[in-house]
Amino acid sequence: MKFATTSAAAIAAVVTASAAFAQDKVQFEYWYGLGGQLGDVVQATCDRFNESQSEFEITCVGQDGYANAVQNTIAAFRADQHPTVVQAYDAGTADLMMSGEFYAVHQMMADFDIDIDWDDYFPGIANYYASSKGELYSMPFNSSTPMMYFNVADLEAAGVEAPATWEEFEDVLVALKASGKECPYGYAPSTWIDLEQFSMAHNVPIASNNNGYDGLDSEYLYNTTIHVKHMENIKRWYDEGLLEIRTTQGGLNSRDSFAQAECSLYFGSIASHAAVGNLVDGAFEWDVAMIPVYEGTERHNTVVGGASLWVLSGKTDEEYRGAAEYLKFLATPESEEYWSTNTGYIPVTKTGFDTLVEKGFYENAPYKGRELALESLTYTDPGPLTRGIRLGGFIQARSEWSNEVQAALQGDKTMQEALDTAVSRSNDILNKFARTYRGQELP
Amino acid sequence: MRRAFFKNNWIAALVVAPQLLVIFIFFYWPTSQALYWAFTLEQPWGGGNEWVGFENFIFLLSDDRYWQSVRISIIYALATTALAMGMALILALFADRQLRGYKAFRIGLIWPYAVAAPAIGLAFRFIFNPSAGVASYLNMAFPGIWDPVMNGSNAITMVIIAGAWKQVSYSFIFLLAGLQSIPRSLTEASAMDGARVLRRMKDIQLPLLTPTVFFLVIINITDSFTDSFGLVDTMTSGGPARATNLMVYKIYEDGFRGLDYSGAAAQSIILMILVIALTFLQFKYVERRVHYT
Amino acid sequence: MIERTPLLNVATHAILFIGLFMLVVPIYLVVVAASQTLQDVMSIPAKLLPGDQLLVNLKAAWTEADFGSKFVNTMILAMGVVVGKIIFAALTAFGIVFFDHRLRMPIFWMVFITLMLPLEVRIVPTYAVAANALSPFQTIFDWIGVSWLWNTVTGVEMALNWNLLNSYTGLIMPLVATATGTFLYRQFFLTIPDELVEAAKMDGAGPLRFLWEILIPLSRTNMAALATIMFVAGWNQYLWPLLIITDPAYGVVAVELSRLVPNMNTTGGDIPNWHWAMAGTLIVMLPPVAVVIFMQRWFVRGLINTDK
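Residues numbered from 1 in each chain as written. Chains lettered and ligands numbered in written order. Predicted model: local features only at pLDDT ≥ 70, side-chain atom pairs only at ≥ 80, totals over all residues.

On to the overall build of chain A. Helix and strand counts for chain A stand at 19 helices and eleven strands. Projected onto its principal axes, the C-alpha coordinates of chain A cover approximately 85 × 50 × 45 Å. Looking at the 443 residues of chain A, the share that counts as buried comes to 55%. Within chain A, counting contacts between residues at least 6 apart in sequence, those at least 24 apart form 75% of the total. (Helix = DSSP H or I, 4+ residues; strand = E, 2+ residues; numbered from the N terminus. Buried ≥ 20, exposed ≤ 12 C-beta atoms within 10 Å, placed from the backbone. Contact = placed C-beta atoms within 7 Å.)

This is the structure in C-alpha cells:
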C-alpha cells in the first residue's frame, strides 16, 4: 500500500523516482470527450504525435462525451490530479474562462518561443475562444458549423430546388408533402442550430452585452428577436404535418432519418458529413447547403461549434513544453489534413484550408460540399453579435430552452410563452453565475 | 424483539469498526463537503465560495420545476415499487410450488437481473418506440395513442415500466430465497390440516415472508429514488418538457453537467431528507407489524 | 407432498409463463438487434426476428472494444465488492443485532443512511477522497492541532497521502461503503430465535464462535443472494471507473462497452453501430448471467435438499 507519512526515507524515495523519471520521456495527459469512431481518430492523432518525436509522450484518455470530459477534469482538478490538456466544448467556454485555472495558449506558445501565426485562424473560429483583447485562450480543434442536408432526388421529384430562405424552405416543405413525402423535414430541437447559429446568421442578439462578451451582468434577449417568429413557424409546420420530430429518444434521430431517406431535409453539423456519407452509402443523391435566412435579412457568418483544447494550470514547465509541442503538431497543415479527412470537421486555419483546396480535396465525393461550411463561417467578418457566445452556465440555459420548446411543441403553451419562461429561467442562471464570480471580470 | 444478547461490547465495537471506517472515509466525509456547498455559492473549479445561508434552498422551494421533479419522483418510486413487488411476489409464490418446469422458470425469471441499466433502457426505448418499435403496432391500430417522445405521461409510464422491470428479478431472488428458507415441515403440517395451496400462501408463507418483503420495499423505494439515473439518461434524458426529470437525474444534470455545484448540493440534501423520512416512517409504522421469529 | 390441484396448476404455469415472457422480451430484442446488419437494425418498422449476423457482430464488438484484459479487471472489481460487502456487512449486522448497547440503533442508521445518496450525486468530493484517502484525517489533524504537535516534535511536516486513483482498492472501496448488505443481514438476524443465543451461551460459546458456527452457516442462502446481487452491481459499474481510471491497464468492461454505444451528444455524432453495441452488451452480460445461474443453486435451497 502506498501509505506514507513523509519522512526522510520517503523524500529520498521521491527524489530517486524523479531522477529515474527524468531520463525517460516527459509524460503528460490529455483527456478528450469525443467517442466512438471520432475518438479513435483522436487516439490516432496522439499516436502520430508520439511517433513524430522522442522527447515527449502524450497519454490520451477518452472520457466518453464532452460533458464527462469537462466534469471529470474539474473533479480531478479539485484533487490536483488533472490532465495537462483537456478538450472542452464550445458552450463551456465562459465557465472555463472564469475559472482562471488555465494557461492561455497564446501566452504559452509565446513563452516557449513557438511561432504560431494567430491571424491564420479563421476569425469565426478564433473569436469564440479568444479574450476580449483577441488573444486565444484555448486552441481551436474540432470545429464545425451547421448545414442544411437535403435529399436531391426527393427535391427533384417535388420539382423544387434547395431553399436559401426560410420562406422558400416552407414552400419546399409544402411541395415535398404534396409529392407524397410523409416526412419532408426531420426535426430535432437544437439550441445550437435553432437558436445560436440562427441568431448569428441573422445578426440578432441571443443575450445583451453582445452575447455576454462585455460583462457578466447580461440578460437573454432571444424572446424578443426574429427567433420567436422562427420557432412559431416550426411549431406551425409541426402542426401542419410538414415536419416530424425525430430525436434519439424516439429511436431514429434526425440524421439517421435523413440517411435512410425517411425525411428529405435535416439540419446538422458539418461534422456529420462523413457519417451521413457512410450511412447513405450511395443509396441516393444528397447535398448540403448553408442554413437559410429569412427574406429581408442580410446573411451573416455562423460561428464555430465543436470543441477546443485547454491547457490547465498547476503543471510543470516540462509538461507545458510537451503540451505546446502537441498543439503545434496539431496546427500543422498535415495534421489538419489528417483530421479533416478522417472526420467531417473542417480545418481551423486558412493555410490548412488552402492546402486542401489546392489538392482538390473538396472537388470530389465524399468531401465535396464541406467547403460550404467554411463559406458559412466566413460569410461576413464577425461583428459584435456574431463573434460567439460568452455566457456562464450556458449548458443549463440550453436545457431550459429545449424543455420549454418541447412544452410548446406539445401544445402546453404558446411558443412566445415558452420562450419567455426559458429566458426568465436562464436569466436566473446568469444571475447566479455572476454572483458566484462576484467582483471578477471576463478576460 | 430480541431479549437475549451477548455482553462483550468491545467485540461489538471491533466488528462494526471496519464498515464504519470505510463509510466515514468514502461516504460521510465527501457527503459533508457536498452538504457544505449547499449553503454557499461554490465555484466549480474550486476558486472559492461565498456563504449564502439558505438562499439555495429558498430558490429551490419557490421553483415549480423543482416541485414537478419531486412529484414525479414520488410517483415513479411508488409505481415501480408496487409493480415490481407485486409481480415478484406472485411469481415467487407460484414458482415456489415447484411444479414441473420449475427449474427452467426459475432460471428464466432470475437471470434478467444481470442486465445493466443502460442496456435495459435501450431495449425498452426500442420496444416503446412509437414509429419503429413494438409499440408502433399499437399506433397502427389507434393512431397517435402512444408517443413517449412528445407526450409527457407516456414518457413517464415508459420509464416506470422499465424501472419496474429492472427490479422484478431482484425482488424475486430475495423472495424465493426467503420462501425456500421456510421449513417445509411447516407447510406440510398445514397441508395435513387440510389447508389448500392459496390458503397456505396467505396464512403461512406470506406472514413468514414479511421481514423479506419489508426489506425489499425499503430497498426498492430508496433504489427508485437514487438509482434511476442510468435509465432516464438512456431513455428520455429527462424530457419531454421535464416530464421524466427525476430528482437524482436533475441533481446530476444541474450539478455536474451544468456546473451548479451549490444548487445540486441543496437538492441532494432535500433528496436525502425525503428518502430518510420515508424510510423512517416505514420503520416506525411497518416494522412493528413485521413478524420476526 | 402430493396434492391434486389441476386447475391451480394450470393457472400457476400460465402465471409463470406470462411473467417469464414479460421479463425475457427486452433481452430477446437485444439478441435480435445483435444478430442483424446495420441496415436491418435501423429499418422501420423493426424486424422482430433474429438475423444471421450474430457471430460476425460478436466478433466485431470483441475486436472493436478491447475486452480481453478488461474482463480480468472487472472480475477483480466485482469479486472485491462481493467479498468486501459480505464480510463487512455480516460483521456490522452481527454487532448491532446481538449486542445490547446504546449505540445499536444509531450505528444502524449511520450505515443505513449511506443508501440515501447515490454515488452519482457526490462524485466530485468522493473523487477528492479517492485521490487521497487519508485527506479526511489530515484535515481533522490539522484542525485539532495534532499536525502542529507532530511538526513541532518531529520537525517533519505531517503529510498523509494514500492515492487510490488507478487502483483496484480505489475502484472497490467506495462501492463497498453502502448499506444494502448490512440491512439484509439485520433482517435475517432478527429472525434468529432467542433460544439459539441462549443455547450458545449455555454451551459457553462466545459471540465470535456463535457467529462462526451458527450464524454464518444459517445465513448461507442470504449470503449467496447478496453475493449475486453485489457481483452484478460491481460488474456493471460505469460512472465511477470512468472517472478514477485513466490508465487503460485498469479499465473495466462497462466503460469499454459504452464506447461501442453511439454517442449523439457530440456535434456530428457517430455511425450508429447499434448491432455492435448490442452484441457487446451480450458479451458483457455473459459473466453476470453465468454467476446468477450458478449462484441460484445456492440461494434456492430447495434444489439441494428438497425434503427439508
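Next comes the rest of the description.
Right, let's get into the overall build of chain C. The number of helices and strands found in chain C is 17 helices and one strand. Within chain C, the proportion of its 308 residues that are buried is 52%. Summarising the internal contacts of chain C: among those between residues at least 6 apart in sequence, 73% fall at separations of at least 24.

Right, let's get into the interface of chain B and chain C. Interfaces are frequently sized by the accessible area removed from exposure as the parts join. Residue-level contacts link 88 residues of chain B with 87 residues of chain C. A total of 17 residues in the side of chain B that touches chain C trace back to one element, the largest contributor, which is helix 1 (residues 9-37) of chain B. Here the side of chain B that touches chain C is composed, by residue class, of 62 nonpolar, 19 polar and seven charged. (Nonpolar A, V, L, I, M, F, W, Y, C, P; charged D, E, K, R; others polar.)

On to the sheet that holds strand 4 (residues 85-89) of chain A, then. All names here are of chain A. Read from one edge of the open sheet, five strands run 3-2-4-11-5, paired in mixed fashion. Only two strands of the sheet have a single partner each, and these edge strands are strand 3 (56-62) and strand 5 (139-144). The average angle at which neighbouring strand axes cross in this sheet is 20°, direction not considered. Bridging between strand 4 and strand 11 (residues 305-311) involves five bridges; their strand directions are antiparallel. Counterpart to Ala-88 in the pairing with strand 11 is Ser-308. On top of the sheet, helix 14 (residues 317-331) reaches strand 2 (26-32), strand 3, strand 4, strand 5 and strand 11; it is set at about 55° to strand 2, its chief contact. (Pairing = 2+ DSSP bridges. Axes fitted to C-alpha atoms, helices over the stretch in contact; angles between N-to-C directions.)

Once that is clear, we can look at the sheet that holds strand 8 (residues 243-245) of chain A. Paired through backbone hydrogen bonds, the strands of a sheet run either parallel or antiparallel to each other. All names here are of chain A. Read across the open sheet, the five strands follow the order 8-7-9-6-10; overall the sheet is mixed. Of all the strands in the sheet, just strand 8 and strand 10 (286-289) have a single pairing partner and so form its edges. Averaged over all neighbouring strand pairs, the angle between strand axes comes to 30°, with direction disregarded. Two elements, strand 7 (residues 183-187) and strand 8, share three bridges in a ladder whose sense is parallel. The residue bridging Gly-186 from the neighbouring strand is Glu-244, located in strand 8. Sitting on the sheet, helix 8 (residues 166-178) is in contact with strand 7, strand 8 and strand 9 (263-269), with an inclination near 130° to strand 7. Along the sheet, helix 11 (residues 226-239) makes contact with strand 7 and strand 8, crossing strand 8 at roughly 95°.

Moving on, we get to the pairing of strand 7 of chain A. Residues and elements named next belong to chain A. Of all five residues that make up strand 7, five are buried, and the element is covered over most of its length. Note: strand 7 against strand 9, two bridges, orientation parallel. By the bridge assignment for strand 9, Cys-183 is matched with Cys-263.

Our focus in this paragraph is the confidence of the model for chain C. Residue and element names in this part refer to chain C. Considering every residue of chain C, the mean pLDDT works out to 82; 90% of them sit at 70 or more. Helix 4 (residues 67-97) holds the highest mean pLDDT among the elements of chain C, 91, whereas helix 17 (residues 301-304) holds the lowest, 46. When the criterion is pLDDT under 50, residues 302-308 qualifies, and its contacts beyond four places in sequence or with other chains add up to seven contacts. (pLDDT = per-residue confidence, 0-100.)

What follows covers unusual backbone geometry. One non-glycine residue, Asn-211 of chain A, lies in positive phi territory at about 60°. Mapped onto the secondary structure, Asn-211 of chain A falls in helix 10 (residues 208-212). According to the C-beta neighbour criterion, Asn-211 of chain A is buried, with 24 such atoms within 10 Å. Its identity as a non-glycine residue notwithstanding, Arg-242 of chain B has a phi of 65°, on the positive side. Using a count of 22 C-beta atoms within 10 Å as the deciding quantity, one classes Arg-242 of chain B as buried.

Quick look at helix 14 of chain A now. It helps to recall that an α-helix has 3.6 residues per turn; residues three or four apart then point in one direction. Spanning 15 residues, helix 14 of chain A covers 21 Å between terminal C-alpha atoms, matching the ideal 21 Å at 1.5 Å per step. Burial in helix 14 of chain A covers these residues: Glu-319, Tyr-320, Gly-322, Ala-323, Ala-324, Glu-325, Tyr-326, Leu-327 and Ala-331 of chain A. (Expected span 1.5 Å × (residues − 1).)

Residues and elements named next belong to chain A. By the criterion of burial, strand 11 is predominantly enclosed, with seven of the seven residues buried. Note: strand 5 against strand 11, four bridges, orientation antiparallel. Within the sheet, the bridge partner assigned to Pro-140 lies in strand 11 and is Ser-308.

What follows covers the environment of Lys-413 of chain A. Residues and elements named next belong to chain A. Counting through the fold element by element, Lys-413 comes out in the loop between helix 18 (394-410) and helix 19 (415-436). We classify Lys-413 as partly exposed; it has 15 C-beta atoms within 10 Å. Sequence separation between Lys-413 and Lys-315 is 98 residues, and the spatial gap between their C-alpha atoms is 51 Å.

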